[in-house]
Amino acid sequence: MQKILYLGALLLAASLARADELSDAFRTPPNEAKPRVLWMWMGSNVSKAGIKRDLVALKEAGYSGTTLFSLADTTSPWAGRIANSPTPDVVAFSKPWWDLVRYATSESRRLGLDFGIHNCAGYESSGGPWITPELSMQQVVWSQKNITGPLKFAGPLERPQPDLRAPGFPVYNGSNDKVENPEIPARRSFFRDIVVLAMPAQGIVAPEQIIDLSSNLKADGTLEWDAPAGEWAIYRFGATTTGALLQPAQWEAIGLECDKMSAQAVAFHVNHVIADARKHMGNLVGHGLNYLHFDSYEAGEPSWTPKMREEFRARHGYELTQFLPTMANRIVGNAERTQKFRDDFKLTVRDLYRDNYFPTIKSTLHAAGLEFMCEPYGGPWDPAEVVPQVDRIVTEFWTNDGNYSPYELAPTVAAVRKAGRNLIEAEAFTGQPRDSQWTETPNWLKPIGDTAFCEGVNRMILHRFPHQPFDDKYQPGVAMGQWGTHFERTQTWWEPGKAWVKYLSRCQALLQWGDFVPAAGNNALPDFSAQSIENGIALRSIHRRRSQNQSQQELYFVANISRQKGAAQCAFAVGGRQPELWNPVTGTMRMLTDYRIENGQTIVPLRFDAAQSFFVVFRKPITTKTQSSNTSRANFPTLKPIQQLNGAWQVSFDTRWGGPTQPVTFTKLEDWTAHPENGIKYFSGTATYRQSFDFNSSLKSPLFLDLGKVRELARVKLNGRDLGVVWCAPWGVEVPAGLLKATHNTLEIAVTNVWANRLIGDEQYPADMEWNKGFQGFGGPLKAFPDWFVKNQPRPSQQRYTFSTWNYFTKSSPLVSSGLLGPVTLQAQSWQLA
């Protein structure tokens, strides 16, 4: 009996320890749970001072790592150039660039930040100037000559003449200063014969009618053949480079894409990068520089590789050469046989990517002590087949029109789970220029990110964080052209936005815990369901569980992904355990007191504000005999306004961005954009509202300070005590007991808006920079760094305050609502169950 009791005590202690582990992860998320960023170095504009400032800012904000991309000066959306750079000698993968990467690696290591680089310049895909046409992606090309037999033909057989221009996206062409698809001379200078075939010139051709004339072709390209009677077509099939180029990269760093179907070509590329890294970085490779990244694939689909004939024959048991005419739109055998060849050929391409590209990258990197990070989709392969080869699997989602927009996310998540992996990273919040014009905020992003969490993502890599190489007086600074959500450290809300980073970290800590539970639930019960939904809110959820020694803990992330408030009766496929509500915005944890258990489900009434989310956690066995709550306490308080702060506010604006030099009295709360003073109307940044008030109520109930409408974030201090940052609904803070006094309470609310208004305000004054036009109608990039900027001289247009490498706005662009709009009220909280 003593042994049984002792064992029981050990199991209980172990269960409590695991419970503490979960709550500890929520309170203090580990480094692995913190978000990361895609760190964009834009062209040659890189500096050591900027690198240090970037990395220190990321560390202090709560991020845990960076993935470095070296892109063109701008993306418009294609690679573009900004002339007159202060640092023109920094070219990706050159010695000056590697010296800066070494410094970034050392600083990352010092700060405890994970660090890796994209395997080539640009973000597409894998290659560089070191890739010769022989090692590049290749395609089948052909020429055709028609003759009439009988005839003793002797003459030249023309080599194929493919279009010289590179396929795919345009790039900046440094030879003529244009953005275009440049000519690739190797498209004609590089050519390897595959086969010469003769066949009837018209109609469906039987395989036995096809004559292989390859042995008749001389080295000088002439052919001799005794053609039988009839109309004949002679095809000269060969291979050349596709001409696919890296993009969007600096012109000096652009090169051909390597042949992904050739293990030799892939190994050559990866080994070249590793050797270069070791040459310039020494033992930091594998000890600071931790991985190479391969972004989502956009390099096109090749149709040839030097070993294609052997590989095809080994996989399908027949020769492909007699079916090459199908590429010239001829039918061989019949339509079904032709289609079978096309399917077999496509399958061979897929197999070669799977068997050569991914395993070669992995083995080569591992031999160098590096990990393989990849967005394994977009190319000619099945993600489920290649995911097991990747160490760090990344998917992605976009913010199209303010909505969650996944790109190959579901199949990637499914492949990761099939491979038995837990960590699912995502390139997060990639933005179209219509959505991302220095107008984005954490509140706007929240339901988009919450949806991604419910889809399985459990660590976000924010797209994007451009490197800021210049003095911090130049803000908002360097942008990634038109692409991506603005997560720069120069963002107006970078400092208060740290509260959002904490939110992401808390969520990710719990979503990495335990094991994913499929939505099928237990015993055919739905894993999660919602009834009696109020106000049409949309609820999503994801369930995780940890089971050990007959002890089971469960958690659900439940998110209202709609932008309105509501409520629902939420049913969880868990019985016999006490539900708890953990709020990842505030970090608070409390028991839920109003619930019931029916048929193995725990049914909990939950109330959601706009885009609000919670974790519902089941850790502890229920001790009551009734299997339901026995309390008069509600799960959420009812709020009743008891005092509105109607007095005047003293508002102090930051003069660095054109704000008034003295505090301004607001007799009532109003939108900054409606103010007659330009320094307020066009202000961007943080302004602090101050008011002193008396509180005469004798009410003893808990209080809530409701800020009303806030555009966009607010840090609240009451009687000198920091009550935190309000960045999403509910727009207010809890008032700690005993903090309010009867008289002379001091309230400070520091409100931060977005950059758009100041940028539009600057457009009211004479220009001192020139802009190129973008290609998709959303502004355009800087044409050249102005001389006054390069020489650090006073700018000519003194009434302008901002500096950026991309301009979305004109003087007539609409302003963005800003400021504390209120009303600000003190509200009593009643927890009495109705």
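Each remark here, short or long, concerns the structure printed above.
Thresholds applied
Residues numbered from 1 in each chain as written. Predicted model: local features only at pLDDT ≥ 70, side-chain atom pairs only at ≥ 80, totals over all residues. Heavy atoms only, no water. Phe/Tyr/Trp six-rings, centres within 6.5 Å; stacked < 30°, edge-to-face > 60°. Helix = DSSP H or I, 4+ residues; strand = E, 2+ residues; numbered from the N terminus. Buried < 20%, exposed > 50% of the residue type's maximum accessible area, 1.4 Å probe, protein only. Pairing = 2+ DSSP bridges. Axes fitted to C-alpha atoms, helices over the stretch in contact; angles between N-to-C directions. Parallel < 35°, antiparallel > 145°, perpendicular 65-115°, else oblique. Contact = heavy atoms within 4.5 Å. Nonpolar A, V, L, I, M, F, W, Y, C, P; charged D, E, K, R; others polar.

1. Examining the packing of aromatic side chains
Evaluation of the coordinates by the stated rule reveals 63 aromatic pairs. Taken together, a centroid distance of 4.9 Å and an interplanar angle of 80° make the contact between Phe358 and Trp381 edge-to-face. Of the two residues, Phe358 is situated in helix α7 (residues 335–367) and Trp381 in the loop between β15 (371–374) and α8 (383–386); the sequence distance between them amounts to 23 residues. Judged on exposure class, the residue Phe358 and its partner Trp381 are both buried.

2. Topic: the sheet that holds strand β12 (residues 222–241)
Strand order in the open sheet formed by 4 strands is β7-β12-β10-β11, and the pairing between neighbours is antiparallel. Of all the strands in the sheet, just β7 (138–156) and β11 (211–212) have a single pairing partner and so form its edges. The pairing of strand β10 (residues 192–200) with β12 spans 8 bridges and is antiparallel. Opposite Asp193, over in β12, you have Gly238 as the bridge partner.

3. Some words on the packing of helix α6 (residues 308–316) against α7
It is at 10 Å that the axes of α6 and α7 come closest, and there the two elements cross at 105°. It follows that α6 is roughly perpendicular to α7 by the angle criterion. Here Met308, Glu311, Phe312, Arg315 and His316 of α6 come into contact with α7, specifically with Phe341, Asp344, Phe345, Leu347, Thr348, Val349, Asp351, Leu352 and Asp355. Looking at the contact of α6 with α7 residue by residue, the class counts come to 7 nonpolar, 2 polar and 5 charged.

4. Thoughts on the sheet that holds strand β26 (residues 577–583)
Across the sheet, which stays open at both edges, the 6 strands sit in the order β21-β23-β24-β30-β26-β27 with antiparallel pairing between neighbours. Both outer strands of the open sheet, β21 (515–517) and β27 (588–591), are each paired with one neighbouring strand and no more. The mean angle between the axes of side-by-side strands here comes to 30°, regardless of whether they run parallel or antiparallel. Pairing of strand β24 (residues 551–560) with strand β30 (residues 613–621) involves 6 bridges; the strand directions are antiparallel. Of the residues in β30, the one forming a bridge with Val558 is Phe614. Strands in contact with helix α10 (residues 442–455) are β23 (539–548), β24 and β30; relative to β23, the strand with the most contacts, it is inclined by about 40°.

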